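Spelled out, the chains give:
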Amino acid sequence: MTIVSQVYLGNPASNNQQSISLFTENIELLRAHEKTILECAEYFFCDIAFASCSWPYVTGDGPLCLGYLLLGWRERLLLESCPTCVGEYLVTSFSGSPLSGSQSWSGFCTNCKTMQTSKNKPVQNPLIEKVTFIIKLRKHYPQKTWQFEEQDAMQFTFGGNGLKPVKRLRKTSVDLFQAVTLAELIKELKDGKIRPKNSPRTQAETALSSNDIRLKLF
Ligand SMILES: [Zn+2]
C-alpha cells in the first residue's frame, strides 16, 4: 500500500454549472439505463466533472466516473439522507479523514430535486466504508493502464568525459477506453442509439495481463 499525504484537489471544471444542470436534469434517464451503462466501458467511464472523492494518507481518491457512482448508489454505499428533507440523497462527491472519520459530501436529493452539500452530519455509511468501496472499484475497473517506454539518457561515470549513454524506462499512463462525454451519452440514450456491450472488466483484464508480461520481460 502506498502512503501519501496529498489529497485530490478536484477537477477545475467541478463547479461547471452547465455540467451539473445536464446531470441533474437527466439523472432519472441515467439511472433507468444503469444496466446499459455498466455493461459498456465507453459509458461506464463517462466523466462527471464535479464528482470526486478526496482523503489523505492512502491512494485511491480522485475523480468518480459515472459507473462508479451508479455502482455506489446500487450498493447503497453512496446513498445518504438529505440534510433538508431526509429523502434519498445520491452522493456524487465526498471527502474526509480516515483517521477521525469526519466527512462531508455533496450530491443530489431525489426528493428536493436539487444538489446539496452536508458536513459533519449523522451518516448512513462511515467514511472508511466509502473509501474501501472506491479503492476496490478502481482495482476491479481500472480506467488506465501503465506502459514502459525505453528512452535514451545519460548517466554519470568516473571514466571518459564523465557521462555515458544508458537506456532508461519511462512509465506513462494509457487510457484503456475512449469514454463518451456526458452530453454524448445522454443524446445516445435519448435517441435510442445504444452502443453494443463492451465490458469494462474484460478489457481491463486483457490490458492488465499484457502489462504483467511486459513487466516480466523487463
Ligand atoms: Zn431533500
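This one's a predicted model, so the numbers in the text were calculated from it and none came from an experiment.

Rules of the game
Residues numbered from 1 in each chain as written. Predicted model: local features only at pLDDT ≥ 70, side-chain atom pairs only at ≥ 80, totals over all residues. Heavy atoms only, no water. Phe/Tyr/Trp six-rings, centres within 6.5 Å; stacked < 30°, edge-to-face > 60°. Helix = DSSP H or I, 4+ residues; strand = E, 2+ residues; numbered from the N terminus. Lys NZ or Arg CZ within 6 Å of the ring centre and 35° of its normal. Donors = N, O, S within 2.8 Å, 3.2 Å for Na, K, Ca; no water. Tetrahedral: all angles 85-135°; square planar, octahedral: opposite > 155°, others 65-115°. Buried < 20%, exposed > 50% of the residue type's maximum accessible area, 1.4 Å probe, protein only. Arc of directions from axis to C-beta. Contact = heavy atoms within 4.5 Å. Pairing = 2+ DSSP bridges. Core = buried A, V, L, I, M, F, W, Y, C linked by side-chain atoms within 4.5 Å. Axes fitted to C-alpha atoms, helices over the stretch in contact; angles between N-to-C directions. Parallel < 35°, antiparallel > 145°, perpendicular 65-115°, else oblique. Left-handed = near helix turned anticlockwise from the far one by under 90°. Nonpolar A, V, L, I, M, F, W, Y, C, P; charged D, E, K, R; others polar.

Caption draft 1: Molecular detail of the packing of aromatic side chains. One pass over the full model with this rule turns up 10 aromatic pairs. On the basis of an interplanar angle of 55° and a centroid distance of 6.4 Å, the ring pair of F23 and W73 is categorised as tilted. Here F23, found in helix α1 (residues 17-25), pairs with W73, found in helix α5 (residues 66-74); they are 50 residues apart in sequence, far enough to count as distant. Of the aromatic side chains, those joined through ring pairs into one cluster are F44, F45, Y68, Y141 and F177. A cation over an aromatic ring shows up here: K130 above the ring of F94, its NZ or CZ 6.0 Å from the ring centre. Between the NZ or CZ atom of K130 and the centre of the ring of W105, over which it lies, the distance is 5.5 Å.

Caption draft 2: Seen up close, the coordination of the zinc ion. The protein atoms that coordinate the zinc ion are C82 (SG), C85 (SG), C109 (SG) and C112 (SG), at distances of 2.1 to 2.3 Å. Classification of the site at the zinc ion rests on its four donor atoms, whose angles at the metal span 102 to 118°, yielding the label tetrahedral. Mapped onto the sequence, the donors of the zinc ion take the spacing C-x2-C-x23-C-x2-C. Here C85, found in the loop between β5 (79-81) and β6 (88-96), pairs with C112, found in the loop between β7 (103-109) and β8 (114-119); they are 27 residues apart in sequence, far enough to count as distant. For C85, a relative accessible area of 29% puts it in the partly exposed group. Overall, the relative accessible area of 27% leaves C112 in the partly exposed class.

Caption draft 3: Focus on α1. When α1 is considered as a whole, its buried residues turn out to be S19, I20, F23 and T24. Looking straight down α1, one finds that the buried residues subtend no more than 125° of arc, so they occupy a single side. Of the exposed residues in α1, the ones pointing more than 90 degrees away from its buried face are Q17, Q18 and E25. Those residues of α1 that are buried lie in contact with α2 (27-32), α5, β6, β7, β8 and α7 (182-191).

Caption draft 4: Region of the structure containing the pairing of β6. Looking at chain direction, strand β2 (residues 52-54) and β6 are connected through three bridges and run parallel. Across the sheet, S52 pairs through a bridge with S93, a residue of β6. Bridge analysis of β5 against β6 gives three bridges, and the strand direction is antiparallel. What sits directly across from E80, in β6, is Y89.

Caption draft 5: Local environment of the nonpolar core. Residues F23, L30, I48, W73, F94 and L185 are the most contacted members of the largest nonpolar core, which totals 49 residues. Top element by residues in this core is α5. It accounts for six residues.

Caption draft 6: Focus on the pairing of strand β10 (residues 163-175). Pairing of strand β9 (residues 144-156) with β10, which is carried by 13 bridges, proceeds in the antiparallel orientation. Pairing of Q147 across the sheet is with T172, part of β10. Where β9 hands over to β10, the hairpin turn is made up of six residues, of which G160 adopts a positive phi near 60°.

Caption draft 7: Highlighting the packing of α1 against α7. In contact at an axis separation of 10 Å, α1 and α7 are set at 25° when each is read in the N-to-C sense. Considered as vectors, α1 and α7 are oriented roughly parallel to each other. The two elements α1 and α7 cross, and the hand of that crossing is left-handed. Only L182, A183 and I186 of α7 make contact with α1, whose side of the interface consists of S19, L22 and F23. Of the residues that constitute the contact of α1 with α7, the class distribution is five nonpolar, one polar and no charged.

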